Amino acid sequence: IAVYKGWMYASQYLPEADTSVIWRSKPLAFHLFDMEKDFFVVAGRTALMLWINEGMLIGTTDRVYQYDPETGLNTLADYGVVPGLAGDTDAEGVGYFWTTRGICKAMPFENITEKDVSMAAGQYATSRLVYLDGMKQFITVTQGGGTPFDKRSER
């Protein structure tokens, strides 16, 4: 669930199609939904919905999207987000989040760690931005294993 500018967005996973429906409520009426027109569909199971400086960041198990109510849905990455509480937003509205390929930020979208380090993503992740002694730190704790992604092996 995510709330932005008077709308509530809620995700519903449809396992038979491996897709998620993102429902948008009526303005300031979080209990009312128009099931015929106020929704959009994304591939995979929704793992993250986070409001950022340019709309909403939607991370599924398959992809990362940026959604803006005015312009619609844009694909940012063809890899997914680890389920859990995998993201946080800083004071400027930039979102930082944990994916299957490390730490990313949006907007603008950038994978911060992919070129430098490869680590197991885990099965579940919890992340938070922490400000300490004037520095911004992104801390992620993962549970479970997984296989690290090595960009060099893609060649």
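Everything below is about the structure printed above this text.
Here the structure is a predicted model, which is why all the values come from computation and not from measurement. (Residues numbered from 1 in each chain as written. Predicted model: local features only at pLDDT ≥ 70, side-chain atom pairs only at ≥ 80, totals over all residues. Heavy atoms only, no water.)

Engineer: Even after reading the chapter, I still don't get the overall build of the protein chain, so can you show me in this structure?
Structural biologist: Scanning the protein chain from N- to C-terminus turns up 0 helices and 16 strands. Taking 15 Å as the expected radius of gyration for a compact globule of 155 residues, we find that the protein chain reaches 16 Å, a close match to that expectation. Out of the 155 residues in the protein chain, the part that is buried amounts to 42%. For the protein chain, the exposed surface amounts to about 8700 Å²; the carbon and sulfur share of it is 53%. Averaged over its 14 positive side-chain charges, the protein chain has a centre that lies 2 Å from the centre of its 19 negative ones. (Helix = DSSP H or I, 4+ residues; strand = E, 2+ residues; numbered from the N terminus. Rg over C-alpha atoms; globule rule 2.2 N^0.38 Å. Buried < 20%, exposed > 50% of the residue type's maximum accessible area, 1.4 Å probe, protein only. Areas by Shrake-Rupley, 256 points an atom, 1.4 Å probe, with all protein chains shown as cover. Lys, Arg positive; Asp, Glu negative; His and termini not counted. Charge placed at Lys NZ, Arg CZ, Asp CG, Glu CD.)

Engineer: Sorry if this is basic, but what is going on with the environment of valine 42 here?
Structural biologist: Inspection of the secondary structure assignment puts valine 42 in strand β5 (residues 39-43). Classification of valine 42 by relative accessible area gives buried; the value is 2%. In the structure, valine 42 is positioned 29 residues away from tyrosine 13 in sequence and 9.6 Å away in space, judged by C-alpha atoms. When neighbours within four sequence positions are excluded, valine 42 is seen to be in contact with Thr19, Ser20, Ile22, Thr60, Tyr65 and Leu73. (Contact = heavy atoms within 4.5 Å.)

Engineer: I tried to follow the side chain of glutamine 66 on my own but got confused; where do I start?
Structural biologist: Inspection of the secondary structure assignment puts glutamine 66 in strand β8 (residues 64-68). Within the structure, glutamine 66 has its side chain in polar contact with the backbone oxygen of glutamate 54 (distance 2.4 Å). When near neighbours in sequence (up to four residues on either side) are disregarded, glutamine 66 contacts Glu54, Met56, Gly72, Leu73, Asn74, Leu76 and Met107. (Polar contact = N/O pair within 3.5 Å; in protein donor to acceptor, adjacent residues only side chain to side chain.)

Engineer: Looking at this model, I keep getting lost on the pattern of salt bridges. Mind explaining?
Structural biologist: Close approach of charged atoms allows side chains with opposite charge to pair. Per the counting criterion, the structure on display carries 4 salt bridges. Note that lysine 26 is salt-bridged to aspartate 38, the shortest N-O span being 3.3 Å. One end of the pair, lysine 26, is in strand β3 (residues 19-26); the other, aspartate 38, is in the loop between β4 (29-33) and β5, and 12 residues separate them in sequence. Overall, the relative accessible area of 11% leaves aspartate 38 in the buried class. One salt bridge connects arginine 128 with aspartate 88, and the closest N-O pair in it is separated by 3.3 Å. Residue arginine 128 is found in strand β15 (residues 124-132), and its partner aspartate 88 is found in strand β11 (residues 87-89); the two are separated by 40 residues along the sequence. (Salt bridge = Lys/Arg side-chain N within 4 Å of Asp/Glu carboxyl O.)

Engineer: Can you walk me through the packing of aromatic side chains in this structure?
Structural biologist: Two measures describe an aromatic ring pair: the distance that separates the ring centres and the angle between the ring planes. Under the criterion given, the structure shown has 7 aromatic pairs. Ring centres of tyrosine 9 and tyrosine 67 lie 5.8 Å apart, and the angle between their planes is 65°; on these two criteria the pair is classed as edge-to-face. Highlighted residues: tyrosine 9 in strand β2 (residues 7-14) and tyrosine 67 in strand β8, separated in sequence by 58 residues. By the burial criterion, tyrosine 9 is buried, and tyrosine 67 matches it. One aromatic cluster is present, formed by Tyr4, Tyr9, Phe40, Trp51 and Tyr67 through successive ring pairs. When the ring centre of tryptophan 7 is taken as reference, the NZ or CZ atom of arginine 24 above it lies at 4.5 Å. (Phe/Tyr/Trp six-rings, centres within 6.5 Å; stacked < 30°, edge-to-face > 60°. Lys NZ or Arg CZ within 6 Å of the ring centre and 35° of its normal.)

Engineer: Help me understand the pairing of strand β16 (residues 135-143) in this model?
Structural biologist: Both β15 and β16 contribute to a ladder of 9 bridges, which runs antiparallel. Looking across to β16, one finds that leucine 129 is bridged to phenylalanine 138. Hairpin geometry of β15 and β16 is characterised by an intervening segment of 2 residues between the two adjacent antiparallel strands and by a positive phi of about 50° at aspartate 133. (Pairing = 2+ DSSP bridges.)

Geometric descriptors of this kind do not, in isolation, establish any biological role.
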